[in-house]
Every structure is written in C-alpha cells, then in structure tokens.
Amino acid sequence: MKEIWHNALAGIRARVTVENFNTYFRPLRLVVIAGDAVELEVDDEFFRDWVREHYQTLLDEAVTEAAGRPMHVDVRVSERRKANALATIDVEADPEPAVDVPIDDATVPAAPETGDFAAFPLNPAYSFDTFVVGPANEMAHAAALAVAQDPARTFNPLFVYGGTGLGKTHLLHAIARSLRATHPELRIAYVSAEEFTNQVIKNIQRQSMDAFRERYRTRCDVLLMDDVHVLAGKERTQEEFFYTFNALHTAQKQIVLTSDKTPQEIPQLEERLRSRFQWGLITDIKAPQFETRVAILQSKAERDGIELPDAVAFYLAKLVRANVRELEGALIRLSAYAGFRGRALTVEFAQEALRDLVENRARALSIDSILKLVAEHFDVKVSDLRGARRHRAISQPRSVAMYLCRKHTQSSYPAIGKGFGGKDHSTVISACRKVKGALETDHTLRTEIEAIERKLPG
Ligand code: ADP
Ligand code: MG
C-alpha cells in the first residue's frame, strides 16, 4: 500500500522543483489508502488549502499513475493538530510521519504549543520579493513595506481590502517574514479572524480567557489579522477583539488587518470597531492589469522552473482576469498536464487543457449566481428578487441585480427578464437605465455595486 504513495512521490519529485517538493510534498503524511482514495494528513488548514489549490491535479495524476488505476488524493488536517492549534497551552509530541521520507524541519509548519506566537507557519512563497507590483496593488504594497520597515510608526492600523485571490494574505505573510528577519525580537501574531473566533469560543469553554487575553494583549508586538470581515455578527469575538485592539494600539504595537470589504461595508460590525479600523490607513488591492498578470505568471514560472512561452502567458492572462490565485492555478495545472502527457506548452495545448476552466467560468457567471450574490449582499431572498413586490427594499436590489446581469453576462434583456421570474424585457431595460443614471450621483450605490462586483468570479 505504502508503495503506491512512495512511487507517486517519486513521480512528483521528477515534476516539480526541489524547493517545491521539499516544501509542499515532504510534509504530507500518508494516513491510509482505502479503495481509490489516498488519504494524506497535514498540520494545518492553511497548508491543506494551499496543497489542494495548487497540487490537487498533480497529486491525483501521480497516484493514478503509481497505482495503474484511477485514484484520487484526499488531503485533510490532522485531528490531533487541529485540536492543538486551537489550544493555547497544550503540548504534544510530534506525530510520527507515516512514511519515512526524511522531513526537513524548516518546512514543517508547527502549531503554536505555548503561550507565545513564535511558531506559526509562514508560506515560503509569500514574500515581498515574490510580490509583483503593478498599478492595482502598489499602494497596498508600499504601505505593507512601510509597516514592515517601521512597525507602529507609520500606519496603525493598516487596513487592506480587496477581492479574493488578490494577494492580501501574501502581503501579511511578507510583512511577518520581513519582520522576523529584521526585528527578530518582535513577537508576531498572525491569525485569521476565523481562527481568532474559534480560539475565543474554545477559551470560553475552557474558562481560560485570562490566558487568552494575556497572550494577545501583552505578549504580542505585531498583530496581523487576516479576513476581518468574518467578524460580522460575531458579537462576543468583536468585543474581545475590541479590547485587544485597544491594548495593542495604546501600547503602540502594529496592527494590520485584511478584509474583502471596506470597514463601512462590513455588516453587523460594532461601530467602535468600525471607527478603529479607520484610524490608520485604508488601502485597496484591485485585480491586476493585463501586463501585471503576465509578469506574475512569468515570475511564478521562473520560480517553479516552468518554461513558459510568452504566447501562453498572454493567453492565460487574457483568460483569467480577476483572481491571481486562479491565474497561478491555471499555470500550475497546465504545466503539470504538459509534464504528464509529455507535451510542449503551446497555446493550442493550453486551450485544450483548460477547456473545463473556461466552461466553468461561463457557468459561474450566470444570472442565478448574480441573483445569489446580490441577495446575500442586501440580505433579501432570491425569491423576492425574482418576485413582483415593489417595496423599495426589494425593488432596488432587484434593479441592481438586473443591471449586473446585463453588464457581466452575455444575456439579452428578454433572457434576463426570464431569469427574474418571467418579467418583460422593458422592465429590465428601464431598471438598467435607472441604475446607470443613479450611479452618476449616488456614491453609496456605487460603492455597494463595486463591493458586489469584487465578489463576481473570474
Ligand atoms: P487573498 O488573501 O487576497 O485572497 P492571496 O494572498 O492568498 O489572496 O493570493 C492568492 C495567490 O496569488 C497567492 O499564491 C499569491 O502568492 C498570489 N498573488 C497575488 N497577488 C500577487 C502578486 N502581486 N504577485 C505575485 N503573486 C501574487
Ligand atoms: Mg487570504
């Protein structure tokens, strides 16, 4: 059984750089092979998501090849580690790796096991060096750099917002990495708002809130919190975070926050937190322009030892516009495919290999998906948007949804009308006109629509 995984690893080793192999594949531990599933374990969610996002196809193909029959890989977080990561004081021995592939210590993400923050894993690919700067992200990049060079002296807090996959987490890790090198004495806490929330819950249950508070408020010099929009509606966690924020800010400790929305747009956020989020600098990251996307692809290809012809880079950069993670994913998938099939990376091959990506995206940007996003954003029901009620609380979101369908899908006015519960095309036309007109003068509406557009896929 283990043989399959060993052979798969050998196959992978031939197809990725040594650096990537050591970083991403060595730490994977084999749990069990059951039927057509190879179950692997990693230490944290971050690592799991990274492997899934970037190497799922490669893993599946490698185990299939090694086994000589269709197999797939299932990467999950070790239960023991999961519990451990949430606890603040538990100490446990390292679990034995299931396969005796020697593990380079530096590449194993360690869970925090004491009251301090020293050991959280930094993604080796997320540094300032690897961050490609363009007009859409130069503000955020410059601010992050300033904070890393001079913590708590420039912008405090630094609040970076933007759509998914545009480099927010990358910048947070880059700050941490740079600070570790230049200010090794600083105690840095990197935590996602979701993990912070879990920790609050856990520590309430264990009645260990005092230790939790002490850890964040007095044993932390830099707090990097990812995805603070997740705090929406979580009152108890917001309260905890409010006091943490105050304690750190008063003590002149640097705080950096990321979010997929501006502070004003985060729903159900206490006013006192909202206002604190605005104390320092708020800066956005937008989707990179074509030239930056090409540069990102070229830099990624160079790091991973992929021979990427310009024509293929242009093709990919035109295909994937709104999400750098997807852009990189497409490149990695493409080069893995080409490696396995022994084919050259050409535009024709890219078109063939990425066909389902193209089709998925067409499907993802449907009238239905826009209806869902708009309903979520305005907190109304999709059925109301499709219905006939004329109350303003419903009719305005409905008009916005129609406008977005017209702008972002290929659908005709009659087709949109049909998607909205069989409305006449003239209704759709007048809704679109109304929204377009209002956009000229209504600033609130414009920011709302921009916020929704940031969530559109592709
Ligand atoms: P977010 O946290 O905003 O959702 P991430 O920071 O996870 O996005 O970035 C997604 C992927 O895109 C990562 O692999 C990251 O390294 C890459 N990426 C994003 N922006 C850039 C950039 N400007 N240069 C290089 N890589 C980038
Ligand atoms: Mg992120």
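In the block above lies the structure referred to throughout.
Cut-offs used in this document
Residues numbered from 1 in each chain as written. Chains lettered and ligands numbered in written order. Predicted model: local features only at pLDDT ≥ 70, side-chain atom pairs only at ≥ 80, totals over all residues. Heavy atoms only, no water. Buried < 20%, exposed > 50% of the residue type's maximum accessible area, 1.4 Å probe, protein only. Helix = DSSP H or I, 4+ residues; strand = E, 2+ residues; numbered from the N terminus. Pairing = 2+ DSSP bridges. Right-handed = clockwise from strand over helix to strand, strands pointing away. Near = heavy atom within 4 Å. Polar contact = N/O pair within 3.5 Å; in protein donor to acceptor, adjacent residues only side chain to side chain. Nonpolar A, V, L, I, M, F, W, Y, C, P; charged D, E, K, R; others polar. Domains from an automatic or database assignment. Phe/Tyr/Trp six-rings, centres within 6.5 Å; stacked < 30°, edge-to-face > 60°. Lys NZ or Arg CZ within 6 Å of the ring centre and 35° of its normal.

1. Structural notes on the pairing of strand S6 (residues 222-226)
Within S6, 5 of the 5 residues are buried, leaving the element largely enclosed by the surrounding structure. The side-chain alternation of S6 yields two buried faces, one formed by Val222, Leu224 and Asp226 and the other by Leu223 and Met225. As paired strands, strand S5 (residues 188-192) and S6 are joined by 5 bridges and run parallel to one another. Considered in S6, the bridge of Val191 is made with Met225. As defined by bridge partners, S6 adjoins strand S7 (residues 254-259) across 4 bridges and the pair is classed as parallel. Bridged to Val222 within S7 is Gln254. Once the chain exits S6 it traverses helix H9 (residues 235-250) before rejoining the sheet at S7, and the crossover so formed is right-handed.

2. Some points on the pairing of strand S4 (residues 158-162)
Within S4, 5 of the 5 residues are buried, leaving the element largely enclosed by the surrounding structure. On S4, burial covers both faces: Leu158, Val160 and Gly162 on one face and Phe159 and Tyr161 on the other are all buried. As defined by bridge partners, S4 adjoins S7 across 4 bridges and the pair is classed as parallel. Bridging across to S7, Tyr161 finds its partner in Ser259. In terms of strand pairing, S4 meets strand S8 (residues 281-285) through 5 bridges, oriented parallel. Counted as the bridge partner of Val160 is Thr283 from S8.

3. As for the site of ligand 1
As a matter of local geometry, ligand 1 sits amid 18 residues, with Val132, Gly165, Thr169, His170 and Glu328 nearest to it. One of the backbone N or O atoms of Gly165 is found 2.6 Å from an oxygen atom in ligand 1. Elements with a minimum of two residues in the shell around ligand 1: helix H6 (168-182) and helix H13 (324-341). Class assignment for the residues of the shell around ligand 1 results in 7 nonpolar, 8 polar and 3 charged. No fewer than three residues from each of domain 2 (99-285) and domain 3 (290-361) sit in the shell around ligand 1.

4. Some remarks on the packing of aromatic side chains
If you walk through the whole model with that rule in mind, you get 13 aromatic pairs. With a centroid separation of 6.0 Å and 65° between ring planes, the pair formed by Phe245 and Trp279 is classed as edge-to-face. In this pair, Phe245 sits in helix H9 while Trp279 sits in the loop between helix H10 (271-277) and S8, placing the two residues 34 residues apart along the sequence. By relative accessible area, Phe245 is classed as buried at 0%. Counting every residue linked through ring pairs, the aromatic cluster contains Phe159, Phe196, Phe212, Tyr216, Phe241, Phe245, Phe277 and Trp279. The ring of Phe242 has Arg272 sitting right over it, with the charged end atom 3.8 Å from the ring centre.

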